[in-house]
Amino acid sequence: MSKVHNFSAGPSILPKEVIDACVEGIQNFSGTGLSVLEVSHRGKEFISVVEETQATLKELMGIPEAYEILFLGGGASLQFLMVAYNLLETKGAYLKTGVWAANAVKEAKYMGNVEVVASSEDKNYSYIPKDYTIPADADYFHCTSNNTIYGSQMQSFPESPVTMVCDMSSDILSRQVDVSKFGLIYAGAQKNMGPAGVTVVIVRKDILGKVSRQIPSMMNYKVHIDKETMFNTPPVFPIFAVLQNLKWVKKVGGVDEMQKRAAARANLLYDEIDNNPLFKGTIAAEDRSQMNACFVLNDESLEEKFNAAWKAAGISGIKGHRSTGGYRASMYNALPIESVEALVNVMRNFNK
Ligand SMILES: *Cc1c(COP(=O)(O)O)cnc(C)c1O
C-alpha cells in the first residue's frame, strides 16, 4: 500500500508505533499471554495501565497535585451535560465559538440558567470574540480552546473571576497550557490523544460538591473520583491506546516538541493558503487554528479538478465538515510535516 497522508478531523491519525503497540497489547498484554481485550479491568496489570496513564499525563501537562484524572465514556458530548450537572447552581457562563461550544450551551440549559458572554455566530464562527466580561456571579465559565469544525483557536485564555472549564478535545497536548488556571478540562481522546471511546477529564476536586441538586452516580464526578475512575468498567482498550500515545509524546520530546511541530505544520500550510491566488483562508488570521486549517477555492468551479489532484497525491480527509464545505486540513500531533509538504505541493502545482 502506498503512503496515505491522513488529515482526518477525528478519529484521527496515530503514530505507527502506537498502532504497533496496540496490536502487541491485543495479542499479548504485559506478557500475560492474554489480550488486553480479555482481562479484568481490576487486575493488577490493567490497574497499572490506568495509573501510568494518569502519571504520564500529569507529567506531560504539568498537572498539579490537587487535580484528579478520570477516563470516562460518553464522549466530549456527555461532558457538555456533566459539567453543568456538577457545577451549575446559579448560572453557567459560556463563550460560543462554534458548533461544539453551541452544543455545550444547549446541554447546559437542561440544568439551568446559561449566559452566553460572547458569540462569533454572527460571522459564521470565523473569529474568536475578545471583548467580553465574565460575570462574577456565574458558577463557572466554559470555553472551547480549539474549534475543530471552523478552524479557530483561542491563542490565550482570559483571566476568569470564576472557575474556568475548557473543552480541549482537539488541541490537548499540542501546546503548553497552564492547567492551574482551570477548574476542569475535558477532551475526547480521538483527536490528539488516542482512539475514540474515552474522554479524559482533569478536575480540581474543590470545585465539586457545591450544587444543591442530586446527581445520579454515573453523572457524578465525585463518584468516579472515589472509585478511582472504575465506578463502572472503564473503556479499557482506548485507555491502553492513550497510554501508548502518551509514551510516544514523551519519547519524542513532550508537549514542547508537539508545540514546535504544530507551529511548523501550520506555518507551512497557512503560508501557502495566503500566497496562492487560488485559495483563501476562512478564519481571521490572528485566530487561526494550528490543528485544523480551513480554506476554500476562490473559484468553486475548480473543485473537481482540485479534488482529483490531492486524491492522486495520496491525501485523505481534507474535505470540510458537512456544515461548512470547502476544505479542512486537520494536523494533529501525529501528522508528519511531510504530509503537509505533500498537500502544499499539490496546491502549488495546481496553481501552475
Ligand atoms: C469532536 C469534538 C467534540 C465531540 O466529541 P465526541 O467525543 O464525539 O462527543 C466536542 N468538542 C470538540 C472541540 C470536538 O472537537
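Everything numeric here is computed off the predicted structure, so don't read it as measured data. (Residues numbered from 1 in each chain as written. Predicted model: local features only at pLDDT ≥ 70, side-chain atom pairs only at ≥ 80, totals over all residues. Heavy atoms only, no water.)

**Concerning the nonpolar core**
Soluble globular proteins: nonpolar side chains tend toward being buried together.
Consideration 1: The biggest cluster of nonpolar side chains holds 54 residues, and the ones touching the most others in it are Leu57, Phe141, Leu173 and Ile202.
Consideration 2: Formed by 28 residues, the second largest nonpolar core is a distinct cluster that contains Met82, Ala104, Tyr140 and Ile225. (Core = buried A, V, L, I, M, F, W, Y, C linked by side-chain atoms within 4.5 Å. Buried < 20%, exposed > 50% of the residue type's maximum accessible area, 1.4 Å probe, protein only.)

**Concerning the pairing of strand β5 (residues 140-144)**
Consideration 1: Counting buried positions along β5 yields five of five residues, so the element is predominantly enclosed.
Consideration 2: Every second residue of β5 is oriented toward a common face, with Tyr140, His142 and Thr144 on one face and Phe141 and Cys143 on the other, all of them buried.
Consideration 3: With three bridges connecting them, strand β3 (residues 92-96) and β5 associate as parallel partners. Bridge pairing in β5 places Tyr94 opposite His142. (Helix = DSSP H or I, 4+ residues; strand = E, 2+ residues; numbered from the N terminus. Pairing = 2+ DSSP bridges.)

**Some remarks on the side chain of Thr148**
Consideration 1: Take Thr148: it is sitting in the loop between β6 (146-147) and β7 (152-153).
Consideration 2: Taking the relative accessible area as the measure of exposure, Thr148 reaches 4% and is therefore buried.
Consideration 3: There is a polar contact of 2.8 Å between the side chain of Thr148 and the side chain of Ser170. (Polar contact = N/O pair within 3.5 Å; in protein donor to acceptor, adjacent residues only side chain to side chain.)

**Considering the site of the ligand**
Consideration 1: Lining the immediate surroundings of the ligand are 13 residues, of which Ser77, Thr148, Asp167, Gln190 and Lys191 lie closest.
Consideration 2: Thr148 has a polar side-chain atom sitting 2.4 Å from an oxygen atom of the ligand.
Consideration 3: At 2.7 Å, a side-chain N or O of Lys191 approaches an oxygen atom of the ligand.
Consideration 4: When isolated, the ligand has an accessible area of 390 Å², and the protein chains bury 87% of it.
Consideration 5: In terms of residue count, helix α3 (residues 75-87) provides more of the shell around the ligand than any other element does, four residues in total. (Near = heavy atom within 4 Å. Areas by Shrake-Rupley, 256 points an atom, 1.4 Å probe, with all protein chains shown as cover.)

**Brief notes about the domain arrangement of the protein**
Consideration 1: Parsing the protein into structural domains produces domain 1 (16-251) and domain 2 (253-351).
Consideration 2: Each of domain 1 and domain 2 was reduced to a C-alpha centroid, and the two centroids are 27 Å apart.
Consideration 3: Contacts between domain 1 and domain 2 engage 28 residues on the former and 27 residues on the latter.
Consideration 4: Approximately 2,100 Å² of surface area, both sides summed, lies buried where domain 1 meets domain 2, with 51% of it carried by carbon and sulfur atoms.
Consideration 5: Along the contact surface separating domain 1 from domain 2 lie two salt bridges.
Consideration 6: In this structure, Lys130 engages Asp287 in a salt bridge whose closest nitrogen and oxygen atoms are separated by 2.9 Å.
Consideration 7: Seen at the junction of domain 1 and domain 2, the total is 19 residue pairs in polar contact (both at pLDDT 80 or more).
Consideration 8: For the side of domain 1 that touches domain 2, the element with the most residues is helix α6 (residues 236-252), which contributes four residues.
Consideration 9: Grouping the amino acids of the side of domain 1 that touches domain 2 by side-chain chemistry returns 10 nonpolar, 12 polar and six charged. (Domains from an automatic or database assignment. Contact = heavy atoms within 4.5 Å. Buried area = accessible area lost by both parts, 1.4 Å probe. Salt bridge = Lys/Arg side-chain N within 4 Å of Asp/Glu carboxyl O. Nonpolar A, V, L, I, M, F, W, Y, C, P; charged D, E, K, R; others polar.)

**Details of the layout of surface pockets**
Consideration 1: When its volume is computed, the largest pocket comes out at roughly 350 Å³.
Consideration 2: Looking at the largest pocket, it is lined by 18 residues, and the ones nearest its centre are Ile13, Pro15, Ala334, Leu335 and Pro336.
Consideration 3: Among the elements that line the lining of the largest pocket, the one with the most residues is helix α7 (residues 254-275), at three residues.
Consideration 4: Taken domain by domain, the lining of the largest pocket gets at least three of its residues from each of domain 1 (16-251) and domain 2 (253-351). (1 Å grid on protein atoms, 1.4 Å probe; cavity = no way out; pocket = protein on both sides within 12 Å on 5 of 7 lines; lining within 4 Å. Points joined across faces, edges and corners; volume = space filled by probe spheres on them.)

**With respect to the sheet that holds strand β11 (residues 279-281)**
Consideration 1: Spatially, the three strands line up as an open sheet ordered β11-β12-β14, and their pairing is antiparallel. At either margin of the open sheet sits one strand with a lone partner, and together these are β11 and β14 (327-330). Going across the sheet, the axis of each strand differs from the next one's by a mean of 35°, ignoring polarity.
Consideration 2: As defined by bridge partners, strand β12 (residues 292-297) adjoins β14 across four bridges and the pair is classed as antiparallel. Across the sheet, the residue bridging to Cys294 is Arg328, located in β14.
Consideration 3: In the packing of helix α8 (residues 303-312) onto the sheet, the strands contacted are β11, β12 and β14, and the crossing angle to β14 comes to about 20°. (Axes fitted to C-alpha atoms, helices over the stretch in contact; angles between N-to-C directions.)

**Re the sheet that holds strand β10 (residues 199-204)**
Consideration 1: Strand order in the open sheet formed by seven strands is β2-β10-β9-β8-β5-β3-β4, with mixed pairing between adjacent strands. Edge positions in the sheet fall to β2 (67-72) and β4 (114-119), since each has one partner strand and no second. When the angles between neighbouring strand axes are averaged without regard to direction, this sheet yields 15°.
Consideration 2: Inspection of the sheet shows β3 paired to β4 by five bridges, in the parallel sense. What sits directly across from Gly92, in β4, is Val114.
Consideration 3: Packed on one face of the sheet, helix α4 (residues 99-109) meets β3, β4, β5 and β8 (163-167) and runs near 160° to β3.

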